[in-house]
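Each chain is listed here by its residues.
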Amino acid sequence: MTASLLIYGATGYTGQLIARHAAMEGLRPIVAGRNGQKVGTLAGELGLEGRTFTLHDEGTIARHLEGVDCVLNVAGPFSQTARPVIDACLQTGTHYLDVTGEIEVFELAASRDAAARAAGIMLLPGVGFDVVPSDCLAAMVTAELAEPVSLEIGILGLGGASQGTMKTGVESIGAPTRVRRAGKIVSRPAGSLTRHFDFGRGPRPVVAVSWGDVATAYYSTGVPNITDYFPARSMSPLLRAARWLGPVLRTRPVQAVLKRAIELRPAGPNEEKLETAISIVVAEAKDANGGSASGRLQTPNGYKLTYLAAVDIARRVLGGAWKAGFQTPSLAYGAEYVLTLPGCRLEKTGETC
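Residues numbered from 1 in each chain as written. Predicted model: local features only at pLDDT ≥ 70, side-chain atom pairs only at ≥ 80, totals over all residues. Heavy atoms only, no water.

A look at the overall build of the protein chain
Turning to step 1, where the next piece is worked out: On a plain count of helices and strands, the protein chain comes out with 14 helices and 16 strands.
Turning to step 2, where the next piece is worked out: Within the protein chain, buried positions represent 52% of all 353 residues.
Turning to step 3, where the next piece is worked out: Here the analysis covers contacts within the protein chain between residues at least 6 apart in sequence; of these, 72% occur between residues at least 24 apart.
Turning to step 4, where the next piece is worked out: When the accessible surface of the protein chain is split by element, carbon and sulfur atoms take 52% of a total near 15200 Å². (Helix = DSSP H or I, 4+ residues; strand = E, 2+ residues; numbered from the N terminus. Buried < 20%, exposed > 50% of the residue type's maximum accessible area, 1.4 Å probe, protein only. Contact = heavy atoms within 4.5 Å. Areas by Shrake-Rupley, 256 points an atom, 1.4 Å probe, with all protein chains shown as cover.)

Here is the structure:
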């Protein structure tokens, strides 16, 4: 019997990109989601099987995963969807992939490591732009030092945001910034951690953000102190809003209004941005003696990288290339994995950014 892939959340912006690319690559995935009309339309267009179900209870999910070798969860916010799907995967012996960048989801998957090993499945969240390029670059850079103690990662040019990404962002408005210190995930006031990174055109101010590497890079490298950064200019409006209106913006009615407003925006980056925009990831590691190693990685637009990586990893899993338990991209497929993807290249290594 041919190994099977189910893509849940296939009708969203990112989900469609992944489903279409998977179909083009000959994977013949099952497309699934909660909206029967949208699922039926996409399945009919691509000539694929479609399934409609919600994620409200593990039993329903498990029934739809029976006989499925791998599920790729593209339905965010993953803080709401990952737990029930992972639990169902443990029950049915189905490998779990998703495209999250949410720290809590990575920590959830890590906490299920022993259960996944016992079930003989792999739990690999973060198979898109979050966190394939940054995780692999972190592993490359830290390997240059005998005992790295700190890791700082800067990310430039996500290439626009989909509705799903913006909705996830709305949920974190005003929240403290999460970093890892002495091996523990801790909070710092939003906007309080800044520095400069050279993304290729000279030093640029950046501000710390809560990003998936705070979780994944720890498991990939063992480095106890990890911070992620975005360009300060792109984050300034959010930081100002959070400073003055954070408590109000986090109330349920205001969150609902903000999410409805997001639904009036374009679903995601247009075709031109998908094909022409690039992203840059930089990483710097230091050891206890003041030594350092760094690298800079160029990738395609974040959403293009996501569908390229997600489909490639799904194909590898279906082909038997997987490791039981919780994994990160670099642990599962090596630090050089990102360089196997189209449009990804290491621009420099060895010098401090």
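Now, onward.
Observations concerning the nonpolar core
Turning to step 1, where the next piece is worked out: Grouped together as the largest cluster of nonpolar side chains are 89 residues, with contacts concentrated most on L6, I7, I18, L72, L97, L151 and I313.
Turning to step 2, where the next piece is worked out: For this core, the element with the most residues is helix α13 (residues 302-318), which contributes 10 residues.
Turning to step 3, where the next piece is worked out: Other than its neighbours up to four places away in sequence, L72 contacts L5, L6, I7, Y8, I18, L97, D98, V127 and A310. (Core = buried A, V, L, I, M, F, W, Y, C linked by side-chain atoms within 4.5 Å.)

A short note on the sheet that holds strand β15 (residues 325-326)
Turning to step 1, where the next piece is worked out: Spatially, the 7 strands line up as an open sheet ordered β3-β2-β1-β4-β5-β6-β15, and their pairing is parallel. With partners counted over all chains shown, the strands left at the sheet margins are β3 (50-52) and β15, one partner each.
Turning to step 2, where the next piece is worked out: Summarising the sheet, strand β6 (residues 122-124) and β15 pair through 2 bridges and their orientation is parallel. Within β15, the residue paired with M122 across the bridge is G325. (Pairing = 2+ DSSP bridges.)

Some words on the packing of helix α3 (residues 58-65) against helix α4 (residues 78-92)
Turning to step 1, where the next piece is worked out: Running from amino to carboxyl end, α3 crosses α4 at an angle of 55 degrees, the nearest separation of the two axes being 9 Å. Classified by the angle their axes make, α3 and α4 are oblique. The handedness of the crossing between α3 and α4 comes out as right-handed. Contact with α3, carried on its side by E58, I61, A62 and L65, involves P84, V85, D87, A88, C89, Q91 and T92 of α4 and no other residues of that element. (Axes fitted to C-alpha atoms, helices over the stretch in contact; angles between N-to-C directions. Parallel < 35°, antiparallel > 145°, perpendicular 65-115°, else oblique. Left-handed = near helix turned anticlockwise from the far one by under 90°.)

With respect to unusual backbone geometry
Turning to step 1, where the next piece is worked out: Residue G76 is joined to P77 through a cis peptide bond whose omega torsion reads -5 degrees.
Turning to step 2, where the next piece is worked out: Structurally, P77 can be placed in the loop between β4 (70-73) and α4.
Turning to step 3, where the next piece is worked out: In this structure, the amide linkage connecting D130 to the following residue, V131, adopts the cis form with an omega of 5 degrees.
Turning to step 4, where the next piece is worked out: As for its placement among the helices and strands, V131 is situated in the loop between β6 and α7 (132-142).
Turning to step 5, where the next piece is worked out: With phi around 55 degrees, R28 is a residue other than glycine that occupies positive phi space.
Turning to step 6, where the next piece is worked out: On the secondary structure map, R28 appears in the loop between α1 (13-24) and β2 (30-33).
Turning to step 7, where the next piece is worked out: The exposure class assigned to R28 is exposed, which follows from its relative accessible area of 53%.
Turning to step 8, where the next piece is worked out: The backbone of A182 sits at a positive phi, close to 50 degrees, despite the residue not being glycine.
Turning to step 9, where the next piece is worked out: In this structure, A182 sits in the loop between β8 (177-181) and β9 (184-188).

Some points on the environment of E347
Turning to step 1, where the next piece is worked out: With respect to the helices, strands and loops of the structure, E347 is situated in strand β16 (residues 345-349).
Turning to step 2, where the next piece is worked out: Along the backbone, E347 and R296 are 51 residues apart, and their C-alpha atoms lie at a distance of 5.3 Å.

Concerning the side chain of D135
Turning to step 1, where the next piece is worked out: Of note, D135 is situated in helix α7.
Turning to step 2, where the next piece is worked out: K323 provides the closest opposite charge to the buried, unpaired D135, separated from it by 11 Å.
Turning to step 3, where the next piece is worked out: Excluding residues within four positions of it along the chain, D135 makes contact with D213, T216, A217, S220, T328, P329 and S330. (Lys, Arg positive; Asp, Glu negative; His and termini not counted. Salt bridge = Lys/Arg side-chain N within 4 Å of Asp/Glu carboxyl O.)

Quick look at α1
Turning to step 1, where the next piece is worked out: An ideal rise of 1.5 Å per residue puts 16 Å on 12 residues; α1 measures up with 17 Å between its terminal C-alpha atoms.
Turning to step 2, where the next piece is worked out: Buried-residue contacts for α1 involve β1 (5-8), β2, α2 (36-46), β4, α12 (271-276) and α13.
Turning to step 3, where the next piece is worked out: Immediately beyond the C-terminal end of α1, within one or two residues, lies G26, with a positive phi of roughly 85 degrees. (Expected span 1.5 Å × (residues − 1).)

Here's the deal with the packing of aromatic side chains
Turning to step 1, where the next piece is worked out: Tallying each qualifying case throughout the model produces 8 aromatic pairs.
Turning to step 2, where the next piece is worked out: Ring geometry for Y8 against F53: centres 5.0 Å apart, planes inclined by 50 degrees, an arrangement best described as tilted. Here the residue Y8 occupies a position in strand β1, and F53 occupies one in the loop between β3 and α3, the gap between them amounting to 45 residues. A single burial state applies to Y8 and to F53, both of which are buried.
Turning to step 3, where the next piece is worked out: Taking the centre distance of 4.9 Å and the plane angle of 65 degrees together, the rings of W211 and F230 count as edge-to-face. Placement of the pair is W211 in the loop between β11 (203-209) and α9 (213-221) and F230 in strand β12 (residues 225-231), with a sequence separation of 19 residues. (Phe/Tyr/Trp six-rings, centres within 6.5 Å; stacked < 30°, edge-to-face > 60°.)

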